[in-house]
Amino acid sequence: MRVLVRDLPEREGEEVEVWGWLHWRRDLGGVQFALVRDRTGVVQVVLPGGGRLPLQESVVRARGRVVRSEKAPGGYELHSPGLTLVAPAEKPSPVEIPKEEWRANPETLLTYRYVTLRGEKARAPLKIQAALVRGFRRYLDEQGFTEIFTPKIVKAGAEGGSNLFEVDYFGEPAFLAQSPQLYKQIMVGVYERVYEVAPVWRAEEHATSRHLNEYLSLDVEMGFIESEEDVMALEEELIQAMLEEARTHASREIELLGAEWPKTPRTFPRVPYAEAKRIVKELGVGMGADLNDAAERALGEYFAEKYGTDFVFVVDYPEEVRPFYTMPKEGGLTRGYDLLFRGLEITSGGQRIHQPERIVQQLKKKKMDVEAFRDYIEVFRYGMPPHGGFAIGAERFTQKLLGLPNVRYARAFPRDRHRVTP
Ligand code: AMO
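Residues numbered from 1 in each chain as written. Predicted model: local features only at pLDDT ≥ 70, side-chain atom pairs only at ≥ 80, totals over all residues. Heavy atoms only, no water.

Draft legend 1. Representation of the sheet that holds strand 10 (residues 172-176) within the structure. On the basis of which strands lie adjacent, the open sheet formed by three strands has the order 8-10-9 and antiparallel pairing. Strands at the two margins of the open sheet, each flanked by one partner only, are strand 8 (153-154) and strand 9 (166-169). (Pairing = 2+ DSSP bridges. Helix = DSSP H or I, 4+ residues; strand = E, 2+ residues; numbered from the N terminus.)

Draft legend 2. Up close: the site of the ligand. Around the ligand sit 21 residues in total, of which Gln181, Lys184, Glu345, Ser348 and Arg352 are the nearest. Leu212 is positioned such that a nitrogen or oxygen atom in its backbone is 2.9 Å from a nitrogen atom of the ligand. Here an oxygen atom of the ligand sits 3.1 Å away from a polar atom, N or O, in the main chain of Thr347. Out of a free accessible area of 630 Å², the ligand has 93% covered by protein chains. More than half of the atoms of the ligand fall within 2 Å of the grid points belonging to the largest pocket. If you list the elements that add at least two residues to the shell around the ligand, you get helix 4 (181-191), strand 18 (344-351) and strand 19 (387-393). The biggest single contributor to the shell around the ligand is strand 18, with five residues. Its residues assigned to classes, the shell around the ligand comprises six nonpolar, seven polar and eight charged. (Near = heavy atom within 4 Å. Polar contact = N/O pair within 3.5 Å; in protein donor to acceptor, adjacent residues only side chain to side chain. Areas by Shrake-Rupley, 256 points an atom, 1.4 Å probe, with all protein chains shown as cover. 1 Å grid on protein atoms, 1.4 Å probe; cavity = no way out; pocket = protein on both sides within 12 Å on 5 of 7 lines; lining within 4 Å. Sits in = over half its atoms within 2 Å of the grid points. Nonpolar A, V, L, I, M, F, W, Y, C, P; charged D, E, K, R; others polar.)

Draft legend 3. Summary view of the packing of helix 7 (residues 273-282) against helix 8 (residues 293-307). Where helix 7 contacts helix 8, the axes come no closer than 10 Å and their chain directions differ by 90 degrees. Here helix 7 is positioned roughly perpendicular relative to helix 8, judged by the angle of their axes. Residues Ala276, Ile279 and Val280 of helix 7 form the contact with helix 8, whose participating residues are Ala295, Leu299, Tyr302 and Phe303. Tallied by class, the residues present in the contact of helix 7 with helix 8 amount to seven nonpolar, no polar and no charged. (Axes fitted to C-alpha atoms, helices over the stretch in contact; angles between N-to-C directions. Parallel < 35°, antiparallel > 145°, perpendicular 65-115°, else oblique. Contact = heavy atoms within 4.5 Å.)

As structure tokens, this is what we get:
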């Protein structure tokens, strides 16, 4: 009967079978050692010498007795007369899976991702991310949100700029969605509270450790709010719920990566944009008109040290640096905000405009094509409540939570400027 590696300690002295991959092997002549990996961990198998061990990554079954052993990883090993080969690996793995470390050449790790992902450290971030996303869904379901699924081939980009991928839609130009922004707002008119978990595309030519051309956007939108403050309050609780889900259901992976758990006060500080710029300047960090990544990093460190928090909201952004749909407020400012996590923007959000004429006015102000947004504006002529929402970049959240050197390791098959395979 198959027993998972995780459950071996409960089976001490029993005869069991472990199914998995031959993670590592060593032949000492008189005795052989193998490590077998399944979805829950790795176990050492002690075998009599003489037999030929298959190549690493072969699929095997190991039948044997569970023995307590201080030297074995995990404290237990299997004493087995021999491995049964289920499916052989035909060639050696391009990298040593057990030795896989973040220090290995990233290009090699990504080129052979279909097999390097099997490494315990390589697969851990995706397992943790799955738990974060489950926490996201669970919390929002409890709060009366409805999950939606919006089109990913669209006629106009909500976020502006030139970073749209064009697709040939039966001879007509269309685009890959940059964000479900306009559709999630439309759906507020249907369900009041909605969320979506889906990929989006950005044709940015950046080659940085925090940009992907395809990423998982965790989108939220809610109606009947008083201001962006309601949206931020929801996000604070949501983040706590996501972290809790990961901590309870992916604790092994979190430990494996040695992730330092974030400092999360019940309410995250709100720093007005102008004030943030002043702090950055005082810290002596150079930046242009907008907060750049060096500025965000400096702010993150400042708030961690001074206020013991890894999360900071930057609020009161000026109109020039926010999208057209953002609700303006007095003094040329808006009700848009960003959330920084350990010095990286992981969320943009805010209150949106719900009056059609005001939307047209903002589109014109930004010199955007009003005609392209006609259908979107129409919905606001049929009664839309004050509303707002936000999007969390799942990979950036995972990256910062686990201290990954590159956002690419938080996506199974990252798409970047030079990579569309595997
Ligand atoms: P924005 O464009 O700021 O806002 O994106 C929201 C969040 O998505 C993540 N993100 C990215 N992650 C990886 N690679 C990229 N190239 C990339 N670009 C963005 C970030 C970012 O904070 N519609 C609004 C959201 C809203 O207001 O609801 C939007 O898309 O974590």
